Amino acid sequence: MQDLIAVQQQDFDLAEQYAMLRLDNHQDGAVATFVGMVRDFNQGNTIKGLTLEHYPAMTDKVLRDIVDQARARWPLGRVRLIHRIGSLDIGEQIVFVGVSSRHRSDSFAACEFIMDLLKTQAPFWKKERTSEGERWVQANPKDQQRAKDWQSS
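The rules behind these values
Residues numbered from 1 in each chain as written. Predicted model: local features only at pLDDT ≥ 70, side-chain atom pairs only at ≥ 80, totals over all residues. Heavy atoms only, no water. Phe/Tyr/Trp six-rings, centres within 6.5 Å; stacked < 30°, edge-to-face > 60°. Helix = DSSP H or I, 4+ residues; strand = E, 2+ residues; numbered from the N terminus. Buried < 20%, exposed > 50% of the residue type's maximum accessible area, 1.4 Å probe, protein only.

Visitor: Any chance you could explain the packing of aromatic side chains here in plain terms?
Guide: What describes a pair of aromatic rings is the distance from one ring centre to the other and the angle between the planes of the rings. A full pass over the atoms with the stated rule returns four aromatic pairs. Where Phe12 meets Phe96, the ring centres are 5.9 Å apart and the plane angle is 55°; that geometry is what we call tilted. One end of the pair, Phe12, is in the loop between β1 (4–8) and α1 (14–22); the other, Phe96, is in strand β7 (residues 93–101), with 84 residues separating them in the sequence. As far as burial versus exposure is concerned, Phe12 and Phe96 are alike and both buried. Ring geometry for Trp74 and Phe113: centres 5.4 Å apart, planes at 70°, overall edge-to-face. One end of the pair, Trp74, is in the loop between α2 (56–73) and β5 (76–84); the other, Phe113, is in helix α3 (residues 104–121), with 39 residues separating them in the sequence. Classification of Trp74 as buried rests on a relative accessible area of 12%. Aromatic rings pair up to connect Trp74, Phe113 and Trp150 into one cluster.

Written out as structure tokens, the structure is:
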């Protein structure tokens, strides 16, 4: 089964994504998943929702590169990465990362690695709708440090 890397407007079903990581997968003993959601507070402001934009050709290339880097670091089975775009409201799902491998430590590490690099390297532009109006969100310094730590390890 090939990796799934998708950028889409429609929501995803967590149970379906988990099932696809397990379907006829008898060699892997671990699955780690992460789901990111729109929260109501960020950088000192109340958030009403957000809009995510991207440049499709560039985004696809970067996401594939991130997954390839994870595969080079850990012996992974399956990888599923879904990132939503468009207008999203509080509580909606934004991103899904799912990884299977023979051992849990590899699944956990690869899932975290993919998410950390996605936050800093993938060309998504996020505009938050706040009580003060709309604003474009810059990369968080903590996220940048986490990605830098992975690159140096």
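Read on for the rest.
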